[in-house]
Amino acid sequence: MFSYMGYAGKMLRVDLTTKKIWIQPLRKDLARNYIGGTGMASRILWEEVKADIDPLGPENRLIVVTGPVTGTIWHTAGRAALVAKSPLTGIWGESHFGGFFGPELKFSGYDAIIIQGRSERPVYLCIYDGKPEIKKADHLWGKNTYETADMIREELDDREVKIAAIGQAGENLVRYAAVINDYGNAAGRTGMGAVMGSKKLKAIAVRGFGSVKVADMDKLLDLAYDARERILKCDQAMELRNYGTPMLVGAKQAIGELPTKNHYTGIFGEYEEIDGPTIRRRYWAGTKACFSCFLACKKNNVVRAGEFEGTFTAGPEYEGVYAFGSNLMISNMPAILRMNYLSNAYGMDVISLGVVMGFLAELFENKIIDEKETGGFKLEWGDYRTAVEAVEMVAFRRGIGDLMAEGVREMAKRIGRGSEKYAMHVKGLEISGQDGRTHRSAGLTHATAARGADHMRSLVTVDQLGYRDVAAKRFGEDKVERVCNGYSEDFKALAVKMHEDAYAIRDSLIVCWYSVGWPPVFWMDDFAKILVAVTGEEEFGDVRELFKIGERINNVKRAFNVRHGITRKDDVLPDRFTKEPMPDGPGRGQVVNLDRMLDEYYELRGWDRNGIPGKDKLLELDLADVEEEISRIR
């Protein structure tokens, strides 16, 4: 008998067209077979969102989901995820944020919210003490994410209300619009903010007064204490605690993988102006942590002098530093802080926005476009003032910003004239701050990930950062040399598959990437212990069973994408990575041999050579209904 310990046991359903709200019990099969988080959401999206649904139409579902560990005392238990069909890519869309919103939703008595329909007028969803209500939001429309949060808290007369809101970018359907909670925690990738904007849903406000009941609190306390001690003894974790994710700037520069000039190279000559120690020394204004997190990697920064004086922002994370910095050849850190602040205020994904600007700069450099086509606007490498101006142009779809709001794939399609060569994306999602030429598993990760050029669902770090002891435990002593060679394709398919399945469990609990990525403190045996302590379900204590659940989740995501026409032809990288050797740095001369890794990856997955899940694999994973539909495509 499934006990539902660790779960709220209820899902909230909202139809914005009819204004109907109803509550459903959490299905046992969702919890047992998918655990929670994006695992559970993958099944819901598979069942309810078909290929002919417009991502910006009322039929699309926006799923806000937590996991059984959310809201407990376990380390990094403060996360939630948003899942929908992506308006940027047209396929599986998923984004996560930290902070306190996820636990507050659990404390309100819900494991998930499933939103459908479209309101005629702006509204926000308020869940106060477990009671859901759709409230008018005309007065909030046109406000940025910070203003929206302040106004809702004042309206509800409660400063403790947790708010996930969109800004003007979401309202204007920028296809990579983000959802921001608590002044800077961003669910950035794949355009979840545009989905909310299309539904005229300005925000979700939650305030809960309940708690999460766990099966064995004493055991969970012991595990949490042990986790704290392990973090304290991990040098990389302490560096993360000190500098936040910008600590990666120097590490990436050292291995030649700091994306520079629209991913042309991996070396940025002025990297020290934008690295972690510099940001900490010149701009740091405070540290904050998400719910139940001892790492405390979140850094607030402020510009104290100069033309951007007074700019105060949460972050940026490494991805924002690279996207607005080395990617655009900008070393002016105050300008990067300003762009990061504006992106959070207007609600936009910093990776996609930075890559869009890098694409445009390269088109100008190669004379593919000129000012006549852009209304006098010109973006050049290192031009930080114009880059800051471009952020607002995109958010409000002004001038060339209207085209930039569509993402690089659509921009290249409309511009033509060979511009596709410079569009750094996979399946429509702009490439994040890694480079497969110096980190082969990252290349395969970008090519195969369900949401496109993704680094969070399977990024392998043992090869990139040389964690040989970790590699030995995960892959065996005999494979260490080849696994840890970042320039080799050897065993990268195995590493990517293993990490995809493990990270699917991480995202179903839900806990933070930084507990299992770098530093690699926790792994599947830890997840098994946590799940048993929280849920009391002994089956979750079997690591082999967890890997099977992770594999099931990834196959459902792939099946969802196959339903939308995704095959091997889409599991590709831009020619820059497969045909243009790295021009300088430690990886000079390197390219990605993607086909070899794809062949091995598909075989390990039990998919055919076209990247479609095989019948035997789907049946093995108890996905007979999925196999029935996929068989008609195969």
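To start, this report covers the structure provided alongside it.

The rules we used
Residues numbered from 1 in each chain as written. Predicted model: local features only at pLDDT ≥ 70, side-chain atom pairs only at ≥ 80, totals over all residues. Heavy atoms only, no water. Helix = DSSP H or I, 4+ residues; strand = E, 2+ residues; numbered from the N terminus. Rg over C-alpha atoms; globule rule 2.2 N^0.38 Å. Buried < 20%, exposed > 50% of the residue type's maximum accessible area, 1.4 Å probe, protein only. Contact = heavy atoms within 4.5 Å. Areas by Shrake-Rupley, 256 points an atom, 1.4 Å probe, with all protein chains shown as cover. Patch = residues over 30% accessible without salt bridge, like charges linked within 9 Å, V, L, I, M, F, W, Y side chains within 5 Å. Salt bridge = Lys/Arg side-chain N within 4 Å of Asp/Glu carboxyl O. Expected span 1.5 Å × (residues − 1). Lys, Arg positive; Asp, Glu negative; His and termini not counted. Polar contact = N/O pair within 3.5 Å; in protein donor to acceptor, adjacent residues only side chain to side chain. Axes fitted to C-alpha atoms, helices over the stretch in contact; angles between N-to-C directions. Parallel < 35°, antiparallel > 145°, perpendicular 65-115°, else oblique. Left-handed = near helix turned anticlockwise from the far one by under 90°.

1. A short note on the overall build of the chain
Then, number 1: A count of helical and extended segments in the chain gives 26 helices and 17 strands.
Then, number 2: In summary, the chain has a C-alpha radius of gyration of 23 Å against a globular reference of 26 Å for 634 residues, a match within 12%.
Then, number 3: Along the longest, intermediate and shortest principal axes, the C-alpha atoms of the chain span 65 × 60 × 50 Å.
Then, number 4: For the chain, with 634 residues in total, the buried portion stands at 67%.
Then, number 5: In the chain, of all internal contacts separated by at least 6 residues, the share reaching a separation of at least 24 is 69%.
Then, number 6: Per element, the accessible surface of the chain, about 21400 Å² overall, is 48% carbon and sulfur.

2. Here we look at a nonpolar patch on the surface
Then, number 1: The grouping of I73, M217 and L221 at the surface amounts to a nonpolar patch, some 240 Å² of accessible area in total.
Then, number 2: Its location among the elements puts I73 in the loop between β3 (62-65) and β4 (80-85).

3. With respect to helix α13 (residues 350-365)
Note: α-helices contain 3.6 residues per turn, so residues at a spacing of three or four share the same orientation.
Then, number 1: The end-to-end C-alpha distance of α13, which contains 16 residues, comes to 22 Å, matching closely the 22 Å that a straight helix rising 1.5 Å per residue would cover.
Then, number 2: Among the 16 residues in α13, 15 count as buried, and that is most of the element.
Then, number 3: Among the residues trailing α13, K367 stands out with phi positive, at a value near 60 degrees.

4. Here we look at the side chain of K85
Then, number 1: Tracing the chain through its elements places K85 in strand β4.
Then, number 2: Comment: no salt bridge for buried K85; closest opposite-charge side chain is D52, at 6.6 Å.
Then, number 3: Within the structure, the side chain of K85 is placed 3.1 Å from the backbone oxygen of A51, a separation counted as a polar contact.
Then, number 4: Polar contacts involving the side chain of K85 include one to the main-chain carbonyl oxygen of I53, which spans 2.6 Å.

5. Re the packing of helix α20 (residues 492-509) against helix α24 (residues 594-605)
Then, number 1: At a closest axis distance of 8 Å, the pairing of α20 and α24 adopts a crossing angle of 45 degrees. Relative to α24, α20 is oriented oblique. Of the two elements, α20 crosses α24, and the hand of that crossing is right-handed. Together, K492, A493, L494, V496, K497, E500 and D501 of α20 and M597, E600, Y601, L604 and R605 of α24 make up the contact between the two elements.

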